[in-house]
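Each chain, written out:
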Amino acid sequence: MANLVIENVKKRYGQNEILKGINISIETGEFLILVGPSGCGKSTLMNSIAGLEEVSDGRIMIDGQDVTFASPKDRDIAMVFQSYALYPNMTVAENISFGLEMRKVPKEEREKEVSRVADMLQIGHLLKRKPAQLSGGQRQRVAMGRALARRPKMYLFDEPLSNLDAKLRVEMRTEIKKLHQKLGTTIVYVTHDQIEAMTLADRIAVMKDGEVQQLGTPQEIYDDPANLFVAGFMGSPAMNFIPAQVVEQNGVCALSLKTQSNVVLPFPKPDALSGHLGQTVLLGLRPEMITEPQPHKEGLEFVVKADIEVEVTEPMGADTMIVTRIENAEVNCRSNPAYSAQPGDTIAMMFDTSKAVVFDCETEERLDK
Amino acid sequence: MSNIAKRQTSTLDKVLRVALYVTLLAMAFVYLAPFIVMLLTSLKDVEEIRTGTLLSLPASLDFYAWGKAWSGACTGGTCEGIAPYFLNSFQIVIPAVLISTIVGALNGYVISHWKFRGSNFFFAALLLGCFIPFQVILLPMAKTLGWLGVANTTSGLVFVHVVYGVAFTTLFFRNFYQAVPAELVKAARLDGAGFFTIFYRIILPISTPIIVVTIIWQFTQIWNDFLFGVAFSGFDTQPVTVALNNLVNTSFGGKEYNVDMAAAIIAALPTLLVYVLAGKYFVRGLTAGAVKG
Amino acid sequence: MTTKSANSGSGMTQSRRPARLSLADWMPKLVMAPTVITTIVCIYGYMIWTAVLSFTNSRMLPTYKFVGTAQYERLFENDRWLVALSNLGVFGGLFILICLFLGVMLAIFLDQKIRAEGAIRTIYLYPMAISFIVTGTAWKWLLNPTNGIEKMMIEFGFEDFKFNWLSDPDMVVYCLVIAAVWQASGFVMALFLAGLRGVDGEMIKAAQLDGAGIFTTYRRIILPSLKPVFFSALVILSHIAIKSFDLVASLTNGGPGYSSDLPANFMYTHAFNRSQMGLGSASAMVMLGCVLAILIPYLYSELRGERHE
Ligand SMILES: Nc1ncnc2c1ncn2[C@@H]1O[C@H](COP(=O)(O)OP(=O)(O)O)[C@@H](O)[C@H]1O
Ligand SMILES: [Mg+2]
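- For chain B, the name recorded in an unreviewed UniProt entry is Carbohydrate ABC transporter membrane protein 2 (CUT1 family), with Marinomonas balearica as its organism.
- According to the UniProt record, the Sequence similarities (unreviewed entry) comment for chain B is "Belongs to the binding-protein-dependent transport system permease family."
- A UniProt comment under Subcellular location (unreviewed entry) is attached to chain B, and it reads "Cell membrane".

- The name given to chain A in an unreviewed UniProt entry is Carbohydrate ABC transporter ATP-binding protein (CUT1 family), with Marinomonas balearica as the source organism.

**A short note on the overall build of chain A**
Consideration 1: From N to C terminus, chain A includes 9 helices and 21 strands.
Consideration 2: If you line up chain A on its principal axes, its C-alpha atoms span 75 × 45 × 35 Å.
Consideration 3: Buried positions account for 53% of the 369 residues belonging to chain A.
Consideration 4: Counted over contacts in chain A with a minimum sequence separation of 6, partners at least 24 positions apart contribute 67%.
Consideration 5: Carbon and sulfur atoms form 46% of the exposed surface of chain A, whose accessible area is close to 15900 Å².

**Considering the UniProt feature "domain: ABC transporter" (unreviewed entry) in chain A**
Consideration 1: Here the UniProt-annotated "domain: ABC transporter" (unreviewed entry) positions come out as residues 4–234 of chain A.
Consideration 2: Between the end C-alpha atoms of residues 4–234 of chain A there is a gap of 25 Å, over a span that is 39% helix and 26% strand.

**Points about the pattern of salt bridges**
Residues and elements named next belong to chain A.
Consideration 1: Here the structure, examined in full by the defined rule, presents 25 salt bridges over all chains.
Consideration 2: Here Glu53 ties to Lys11 by a salt bridge, and the two come within 3.9 Å at their closest N and O atoms. Taken together, the residues span a long stretch of sequence, with Glu53 in the loop between α1 (42–50) and β4 (57–62) and Lys11 in strand β1 (residues 4–13) at a distance of 42 residues.
Consideration 3: On the basis of relative accessible area, Glu53 is assigned to the partly exposed category, the value being 22%.

**Section: the site of ligand 1**
Residue and element names in this part refer to chain A.
Consideration 1: Around ligand 1, the surrounding shell consists of Tyr13, Ile18, Ser38, Gly39, Cys40, Gly41, Lys42, Ser43 and Thr44.
Consideration 2: Between ligand 1 and the protein, one listed contact pairs an oxygen atom with a backbone N or O atom of Gly39 at 2.7 Å.
Consideration 3: Residue Gly41 places a main-chain N or O atom 3.1 Å away from an oxygen atom belonging to ligand 1.
Consideration 4: Within the complex, the protein chains bury 56% of what would otherwise be the 560 Å² of accessible surface of ligand 1.
Consideration 5: Broken down by element, the shell around ligand 1 gets its largest block of residues, 3 residues, from α1.
Consideration 6: Split by residue class, the shell around ligand 1 holds 3 nonpolar, 5 polar and 1 charged.

**Examining a nonpolar patch on the surface**
Consideration 1: On the surface, Ile94(B), Leu98(B), Ile99(B) and Ile102(B) cluster together into a nonpolar patch covering about 370 Å² of accessible area.
Consideration 2: Positionally, Leu98(B) belongs in helix α5 (residues 83–113).

**Some points on the sheet that holds strand β17 (residues 312–315) of chain A**
All names here are of chain A.
Consideration 1: Across the sheet, 3 strands lie side by side as β17-β18-β19; this open sheet has antiparallel pairing. The outermost strands of the open sheet, each flanked by one partner alone, are β17 and β19 (329–335). Direction aside, neighbouring strands of the sheet carry axes that sit 25° apart on average.

**Comments concerning the interface of chain B and chain A**
Consideration 1: Between chain B and chain A, the residue contacts involve 15 residues of the former and 23 residues of the latter.
Consideration 2: Contact with chain A buries surface across chain B, with Leu190(B), Asp191(B) and Arg201(B) losing the most and accounting together for 41% of the total.
Consideration 3: Joining chain B to chain A, the criterion identifies 2 salt bridges.
Consideration 4: A salt bridge links Arg150(A) to Asp191(B), with the nearest nitrogen and oxygen atoms 3.0 Å apart.
Consideration 5: Along the contact surface separating chain B from chain A lie 9 residue pairs in polar contact (both at pLDDT 80 or more).
Consideration 6: Of all the secondary-structure elements, those providing two or more residues to the side of chain B that touches chain A are α9 (182–190) and α10 (195–203) of chain B.
Consideration 7: The element that contributes the greatest number of residues to the side of chain B that touches chain A is α9(B), accounting for 7 residues.
Consideration 8: Tallied by class, residues from the side of chain B that touches chain A come to 8 nonpolar, 2 polar and 5 charged.

**Considering the domain arrangement of chain B**
All names here are of chain B.
Consideration 1: Assigned domains of chain B: these are domain 1 (11–62) and domain 2 (83–290).
Consideration 2: The interface of domain 1 with domain 2 comprises 9 residues on the first partner and 8 residues on the second.
Consideration 3: Both sides of the domain 1 and domain 2 interface together cover about 690 Å² of buried area, and 83% of this is carbon and sulfur.
Consideration 4: Across the domain 1-domain 2 interface, the total number found is 0 salt bridges.
Consideration 5: Between the two partners, domain 1 and domain 2, sit 1 residue pair in polar contact (both at pLDDT 80 or more).
Consideration 6: Among the elements of the structure, α2 (11–42) and α3 (46–51) are those that each provide at least two residues to the side of domain 1 that touches domain 2.
Consideration 7: Considering every element that reaches the side of domain 1 that touches domain 2, the biggest residue donor is α2, with 5 residues.
Consideration 8: Of the residues assigned to the side of domain 1 that touches domain 2, the class counts are 5 nonpolar, 2 polar and 2 charged.

Quick notes on the rules
- Residues numbered from 1 in each chain as written.
- Chains lettered and ligands numbered in written order.
- Predicted model: local features only at pLDDT ≥ 70, side-chain atom pairs only at ≥ 80, totals over all residues.
- Heavy atoms only, no water.
- UniProt positions renumbered as here; feature names shortened; annotations may be inferred.
- Helix = DSSP H or I, 4+ residues; strand = E, 2+ residues; numbered from the N terminus.
- Buried < 20%, exposed > 50% of the residue type's maximum accessible area, 1.4 Å probe, protein only.
- Contact = heavy atoms within 4.5 Å.
- Areas by Shrake-Rupley, 256 points an atom, 1.4 Å probe, with all protein chains shown as cover.
- Salt bridge = Lys/Arg side-chain N within 4 Å of Asp/Glu carboxyl O.
- Near = heavy atom within 4 Å.
- Polar contact = N/O pair within 3.5 Å; in protein donor to acceptor, adjacent residues only side chain to side chain.
- Nonpolar A, V, L, I, M, F, W, Y, C, P; charged D, E, K, R; others polar.
- Patch = residues over 30% accessible without salt bridge, like charges linked within 9 Å, V, L, I, M, F, W, Y side chains within 5 Å.
- Pairing = 2+ DSSP bridges.
- Axes fitted to C-alpha atoms, helices over the stretch in contact; angles between N-to-C directions.
- Buried area = accessible area lost by both parts, 1.4 Å probe.
- Domains from an automatic or database assignment.

Structure representation (C-alpha cells):
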C-alpha cells in the first residue's frame, strides 16, 4: 500500500508531446480513475507510473521515494491490461505464480499464494488450463489473479473490462469494488465507461490531449465541471449546452432563451453573470433537469415551465428522452415514459436551473466558479 | 426448388472445367519432367543413354552411376565422388543455420520489444542489406577472410553465411514478434523478469512456427548457395554445389550423363526432402521473406 | 547550491537520470551489437570499399592509385560487358514477364476449388527448393543439342525437329530463361495464390451480387486488389535476375564464347579469375545501381504503407 505523487510529468515521442505536465497525487488506499478520449495519453501515463516508459521530464514518487528512473520490477506495481496479456504458453497457475517465481519466493509459498488467489477469484478449477482454453471473463479473472498474487503496493488497471460483454462487465465491476474495499490498496484505473468511473472512483481525473482537465470526486466532476470539455465528457446522455443571453430581471441577472416562446431562466449565482450582461453564454443543463411538469416542484425558486417542440423521442425503459432544439442546439430532456408525446407536438416542460452551470462561448471555461 | 435450376451447370461450364484440369495436369507434367528425366538418366548405362531418348525407360535398374557419383567421380582435382563435399555442406550448413537463427531471433526480439533510439533506422538499413547484389561485397570479404586467417576454411564460410543470413532471419523474427502484443512483455517486466528471462520463458515458447520457417529457409538458402562457396572455399572445404558444378564441367574421358544426374539428385536431396516433409513452412518462409521483404 | 534552490524553489522538480545504467539497460543494445557491427562493416563498409576499388587501377591486389572513372569507361567499351548487360535485359525481361504470366495464370486456375490442389501446388513449387546448380545441370542435359529434347522429338516422329539453342550464341540466352522460369514460376504462383486467398470474400460476394461474372470479378475486382503482391513479385524476380550467377555457371558457363554471360558472371570472372579487380568492382557497382533503382521506389512505398497501418 502506498501513496503516489506525479509531479509535472511530461512524455515526448520525438517532437510529439503526449503528456504535457501531469500533476496528480493519490493517497494510500485511494481509487483513482483516469478518463479521457482515446489517444489522450492515459496508457502512456500508466506506463510511466509502472516504469515501462521513461518519462521525458518531471518526477514520480511512491511512498515518498523518487522512482522516476527505477526499473519496473523495483516499483512493486502490478498492472492489468485490456488485452489481459496472459502468458500463452503457461497454465493459469504458472501465470499467477510467475511474478512470485521471479521474486524467488519458495515453491510451497507460491503454491499457497496461488490457491489463495484462486479461491478469492473462484478460478480454482481453471488452474491447469492454458489461457487459450479460457473464456474472456475467465481470462480477465486470471489477469486479476496474476496482479493480486504478488500483493504489490499499487495496482494499475488499463481498461480491464473493455473486452467483456455488458453483463460480465457489471459483475466484474462489483467484484473489483469489493476487492478494493477488502484489500484497501491504492488503485489507478483507466476506463471508458462512465458508470464504471462514477461507481468505482474515490476521485476521477479527466484528461484531454495530455493534460488533466479536472481532478475531483465523482460528484464534483458531475456537478461542478471545470470546463465545457469535462461537462460534456462525463454523463450519458451528455449535458445540454444551450446558447443563452444574459439579461436583467427584477434587478438580478438571468438567462433568456427562445423555445416555443421566450423564456427567462433564473440562475443560482446571478452575480457571476453580471459582467456578461447582454452577451451570449453557454448554459449547461443536464437532461434530468429538464423534465415533464412535476407538481411537487411547482413554484420552487429555480424552476420554470416552458413549451418546447418535440423532435424525436427515445424510450429508454425507465425514462424517455425527449429531443428538442433550442437556439439551434440539440437538447435532451429526461421525462417520465407516461408523459407521452409525438414528434412535432408542442408540450410543456419544466426547466430546473438549480444545478445549472454557464460557460464562456469562446474560452469554454466555467463562468460561475 | 428454385435452386435446382441454378445447380444445373451448362455444357460450356463442364468443358471449361475439363480444360482447366487438363491444363493443370499438363503443367504439372512440365514441372515434373526434368526431375523424371534426371532420375531415369541416372539409372541408365552410357549405352542406353546414347541410344535411347530422355524419357525412355532403363532396361534394368542400374545403380552404377549413383555409386560413382557418390564416391568415385572426378570433381576437378580429385576423384572421390561428391560424398566428401556433401559432408562439407553439412559442416557449413548446420552451424551457419543455428547461429543465424539464434542471432535473428534475438535481433527480432529487440527490434520489436526493446526498441532503442535508432533501432528502427538500423532495421531499415539491415533490410536493404537483404537486397544488395553480393558481387559488391565479394572482394572486400575475400580480403577480410584472409586477414582473419579463415580464408578457404569452413569457419570462414560459416561466418559469411551468418553475416548475410542474419538480415533475413532478423526480418522473419521481427515480423513474427511484431504481432506479439507489447503488453505481454510489459506484464513480464512488472512481474520482475529481465531481458533474457522474458525471451526464454515467454517469447521463445511461442516462437516454434517461426523458428521452423527460419531454419528451413536458411537451410535451403545455405545448402543451395554457390557464389559464396565458389568464392570463399578451399579445395577440401567446397560445398556440394561447387563440387557438383566441377564434376559436371570436368571433361575427363567420355561424358557420363548418368553420373552427372545422380550427383545432381544427391546434391538436391536434402532440400527436396525438407520441402516434401515441411512444405507448408517452406512456402511460408518464401512468402514471408517476399511479401514483407 | 544554485541547483538546489532551483529545484526546491520553483517547485519544478526534475529527477536526474542515474549516470551509470545497469547492465539490464544495456542488454538490448549489447545483443544487437554484433549485427550492427557486421552490417556497418560487411554490408555498407564493403560497399564503400568496392566503390573505392572501382576508381582505382587495382588488378591482382588492391592498389589505391586513383584513376577516376577510367574503369567505368573501360567497362562500357568492353564488348563482353555490353553483351552481359544486353543479356540481362533480355533474360530479365522475359524471365519476369513469363514468370508473372504463368504464376498468375496457375494461381487463378488453382483457385477454382481444384481437387488435389495441394499435390499440384507442391509439384509446381518444388523447383524452388533446389539449387540453381542442380537446375542448370538438369537443363543442360535436357537441352543437349544432340541427345536432349531434339532427339526425343525426332523419335516421336518429328524428323526435322531442330533444337540446338544451347550451342547457338544467338539463342543460348533463351535457354537461361527456360531453366529460370521452370525454377521460379511456381514461387510466383504461390505468392499470388496466398494473395488470392487473402482477398476479402465479402468483396467478391458483393461483386457477384452486383452481377459481375467470374472473369469480370477477377479482372476488375480481385487482380487489382493484388497490386502489392504483384509489386513484391516484380521486385523479387528482378532481384533474382540481376543476381543470377549460378544458373549461368552451371548451364552454359557463359558460352558459347561469352554469348550467355550475365553481369554477375562478368564480375566474378574479372575480379577472381582474370585479376581485374578494378574493372570487376566497377561492374559490381553498376549492378548495385540497377538493384537500387528498382529497390528504392519499392521500399519507399512499402514504408509509407506501413505508416498508414
Ligand atoms: N511508442 C510510441 N511512439 C509514438 N507515439 C506513441 C507511442 N505510444 C503511444 N503514442 C501516441 O501517444 C498518444 C497517446 O496514446 P495512449 O497513451 O495509448 O492513449 P490512450 O489514452 O488511448 O491510452 C497516441 O496519440 C499515440 O499515438
Ligand atoms: Mg489506452
